[in-house]
Each structure stands twice: as structure tokens, then as C-alpha cells.
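# Reading the structure
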Amino acid sequence: MRKGGKILAEILHEIAASVSPGMTTGELDRMAAALCKKHDVKPAFLGYQDYPAILCVGVDDVAIHGIPSDEEILIEGQTISIDMGIIFKDMYLDHAVTVGVGTIDEEGEKLLHSTELAMKAGIAQAVAGKHTGDIGYAIEQVALLAGLSVITAMTGHGVGRKLHEEPSIPCFGERGKGFRLVAGMTVAIEAMINEGTGDLEFLSDGWTTVTQDGMRSAIFEHTVLVGDKSPEILTIR
Ligand code: MF3
Ligand code: CO
């Protein structure tokens, strides 16, 4: 998973760095396909419960599980979340970032910065003896301090031999509550945060979720190894 994590971080970095006005999200998905070939890894989302693409992308108010499309052209000032999973030597890795398309407004910068910070605060809790509630609590505190809301309908999760394993890791929680963490566990810690309320709606494709109030949403996610004293981020270059 350490090796696979490095590969996924490299791939997602390359995709995120290529984001620019005029591109389509379908192009990003094809780039992901080419990079999976190049690094000899399998995409984890494609075909998962019939999901039709390699990436999940979320432009502005699209929150999670947005499907890339050749009709979706990126425009300067938008924000886009890019979520990707791979299988490397039968092990799953899961990682997401949110970036601006060209230059974005100050509120957008704040949303991205705060969501990344919330994920990092959550990751800091991924040590033996802590609970999933400690991770969720940390994520939500950072969001609330920034005047933002966490998404409650989706969660982070255990990851390893499967894409989604126990325990689920919500972006909220009570300290000391939930599942007790043990050294050696690998978890996908996801901060999913909205500018407005945390409420989502499904689009008719059955996958795409959008914010109910039309405000923007961001996601940052790392696959993390729970340690005795400190967490180790695996999806890092
Ligand atoms: N990181 C997301 C999650 O864990 C992506 C899953 S996409 C799916 O829910 F299409 F595979 F479901
Ligand atoms: Co995930």
C-alpha cells in the first residue's frame, strides 16, 4: 500500500496539475486511464457498483461522485474536486484533492484551504487508541471555525483489501466515541465540506450529488496508516 499510495499520489498530482480552462472533465478521465496504464495499476472505481468512470469529479456545487463527461467544459474560476482509487498488487488506495480552474475567488481559496486543513486535523487523530469520533470531531471543528459545514450523508472508510471496509469515518463525531483505532489499520480519511449547508441532493444519474443550496463543495482525502504514535499518509509522493 505504501508503494501503491506513492503511485496514486503521483497520478493524481499530474491530473490536478493539468486542470485548466477549456478542458473537459472527460479529458481528465482519459488522462487517468493513460496514467493507470503507464504505472501498471488498475482503476478502483470503474465498474464498482457499475460506476462508469475512473475519476469522480465535482465542479463547484457538485459534491461527490460526479461522473466525468466530454460535455463538461471547465471554466476559469470554478473549483473541481478529483477523487481517484487504484488497485496495486490487489490492494486498494483512495485519494482526493480539490483545485481551482485558473484563478479562483477568495471564498473559494478559503473553502479549499480549510477543507485540506480539516483533513489534516482528522489525519492527526489516526493513532492507536483514538476513535473514529476523534477524527470526525477534528474535521468538523476546523470546518465550523471557518464558517463552513460538513457533509453528513457520506463518510470516510477503512480501505485495503477492498475499497470500502469497516469502520466508516464520518466528518463529525464525539471525542472518544465510535470505532477504536488499532496500529496497522489503513483508513481513507475524507474531509467533505460545503460553503453553505451540509445538505446534498442526488441527480438523476443516480451517482452525482450536488449541494442543496447551490453553494460550492470541496473534498480532500488521503489513505492513511494508523500508527502507534503517529499516522503515516500513504497517498503522498
Ligand atoms: N472516494 C469515494 C468513496 O470512497 C469514491 C468512491 S467512487 C465509486 O466513496 F464510484 F467507486 F463509488
Ligand atoms: Co473514499
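Within each chain, residues carry numbers counting from 1 in the order of the written sequence. For this description, chains carry letters from A and ligands carry numbers from 1, given in the order in which they are written. A pLDDT threshold of at least 70 governs which residues receive local features in this predicted model, and a stricter bar of 80 or more applies before side-chain atom pairs are shown or counted, although totals over entire chains, interfaces and linings include all residues. The side-chain quantities take in all heavy atoms of the structure and omit both hydrogens and water.

### As for the overall build of the protein chain
A run of H or I in DSSP becomes a helix once it reaches four residues, and a run of E becomes a strand once it reaches two; helices and strands are each numbered from the N terminus. From N to C terminus, the protein chain includes 4 helices and 12 strands. Radius of gyration here is computed from C-alpha atoms only, and the compact-globule reference equals 2.2 Å multiplied by the residue count raised to the power 0.38. Against the 2.2 N^0.38 benchmark of 18 Å for 237 residues, the protein chain shows a C-alpha radius of gyration of 16 Å, consistent with a compact globule. Structurally, the protein chain occupies a C-alpha span of about 45 × 40 × 30 Å along its principal axes. Using a 1.4 Å probe on the protein chains alone, a residue whose accessible area is under 20% of its type maximum counts as buried, one over 50% counts as exposed, and one in between counts as partly exposed. In the protein chain, which comprises 237 residues, the share counted as buried stands at 55%. Whether two residues are in contact is decided by their heavy atoms: any pair within 4.5 Å suffices. Residue pairs in contact within the protein chain that sit at least 24 positions apart in sequence constitute 71% of those at least 6 positions apart. Total accessible area on the protein chain is roughly 10400 Å²; 52% of this is exposed by carbon and sulfur atoms. We treat Lys and Arg as the positive residues and Asp and Glu as the negative residues; His and chain ends play no part in the count. Charged side chains are reduced to one point each, which is NZ for Lys, CZ for Arg, CG for Asp and CD for Glu. Taken together, the 19 basic and 34 acidic charged side chains of the protein chain have centroids lying 13 Å from each other. Residue-level accessible areas treat just the shown protein chains as cover; the underlying method is Shrake-Rupley with a 1.4 Å probe.

### Focus: the pairing of strand β8 (residues 186–194)
Burial runs high along β8: 9 of the 9 residues are buried. What you see with β8 is no split at all: Thr186, Ala188, Glu190, Met192 and Asn194 on one side and Val187, Ile189, Ala191 and Ile193 on the other are buried throughout. Of the pairings in the sheet, the one linking strand β5 (residues 149–150) to β8 comprises 2 bridges and is antiparallel in character. Considered in β8, the bridge of Val150 is made with Ile193. At least two bridges found by DSSP between two strands are what make those strands a pair. Pairing geometry for strand β6 (residues 156–158) and β8, over 2 bridges, is antiparallel. What sits directly across from Gly158, in β8, is Val187.

### Side note on helix α3 (residues 106–124)
Helix span, as expected, comes to 1.5 Å for every residue beyond the first. Taking 1.5 Å of rise per residue, 19 residues should cover 27 Å, and α3 covers 27 Å from first to last C-alpha, within 8% of that figure. Residues of α3 that are buried make contact with β3 (79–88), β4 (91–100), α4 (132–145), β8, β11 (217–225) and β12 (232–233).

### Observations concerning the site of ligand 1
Put simply, a residue is near a molecule or strand once any heavy atom of it comes within 4 Å of that molecule or strand. Around ligand 1, 13 residues are found, and the nearest of them are Tyr51, Asp83, Asp94, His157 and His164. Side-chain atoms alone can form a polar contact between residues adjacent in sequence; in general such a contact is a pair of N or O atoms within 3.5 Å, and within protein one must be able to donate a hydrogen while the other accepts it. Between ligand 1 and the protein, one listed contact pairs an oxygen atom with a side-chain N or O atom of His65 at 3.2 Å. Bound to the protein, ligand 1 loses 95% of the 330 Å² it would expose on its own. Classifying every residue of the shell around ligand 1 gives 6 nonpolar, 3 polar and 4 charged. Residues are sorted three ways: Asp, Glu, Lys and Arg are charged, Ala, Val, Leu, Ile, Met, Phe, Trp, Tyr, Cys and Pro are nonpolar, and all the rest, Gly among them, are polar.

### Brief notes about the pattern of salt bridges
Here, a salt bridge means any side-chain nitrogen of Lys or Arg that lies within 4 Å of a carboxyl oxygen of Asp or Glu. What the rule picks out here adds up to 6 salt bridges. For Lys177, the salt bridge identified is with Glu174, shortest N-O distance 3.3 Å. Each of Asp105, Glu195 and Arg216 takes part in a single network of salt bridges with overlapping partners.

### Things to note about the UniProt feature "binding site: substrate" (unreviewed entry) in the protein chain
If you check UniProt for "binding site: substrate" (unreviewed entry), the listed places come out as His65 and His164 in our numbering. Setting aside chain neighbours within four positions, we find His65 in contact with Tyr51, Cys56, Met154, Trp207 and Thr208. Relative to the assigned elements, His164 resides in the loop between β6 and β7 (165–169). Ignoring anything within four residues of it in the chain, the contact list for His164 reads Tyr48, His157 and Gly158. UniProt positions are given in the numbering used here, feature names are shortened, and annotations may be inferred rather than shown by experiment.

### Brief notes about the coordination of the cobalt ion (ligand 2)
Distances from the cobalt ion (ligand 2) to its protein donors, namely Asp94 (OD), His157 (NE2), Glu190 (OE) and Glu221 (OE), fall within the range 2.0 to 2.3 Å. Ligating atoms shown are N, O and S within 2.8 Å of the metal, or 3.2 Å for Na, K and Ca, and water is not included, meaning a site may look less than complete. Metal sites are grouped by the angles between bound donors: all angles between 85 and 135 degrees with four donors is tetrahedral, opposite donors over 155 degrees apart with the others between 65 and 115 is square planar for four donors and octahedral for six, and any other pattern is irregular. The site at the cobalt ion (ligand 2) holds 6 donor atoms, and with the angles between them running 67 to 169°, its shape is irregular. Read from N- to C-terminus, the donor residues coordinating the cobalt ion (ligand 2) fall into the pattern D-x62-H-x32-E-x30-E. Placement of Asp94 in strand β4 and of Glu221 in strand β11 is noted, with a sequence separation of 127 residues between them.

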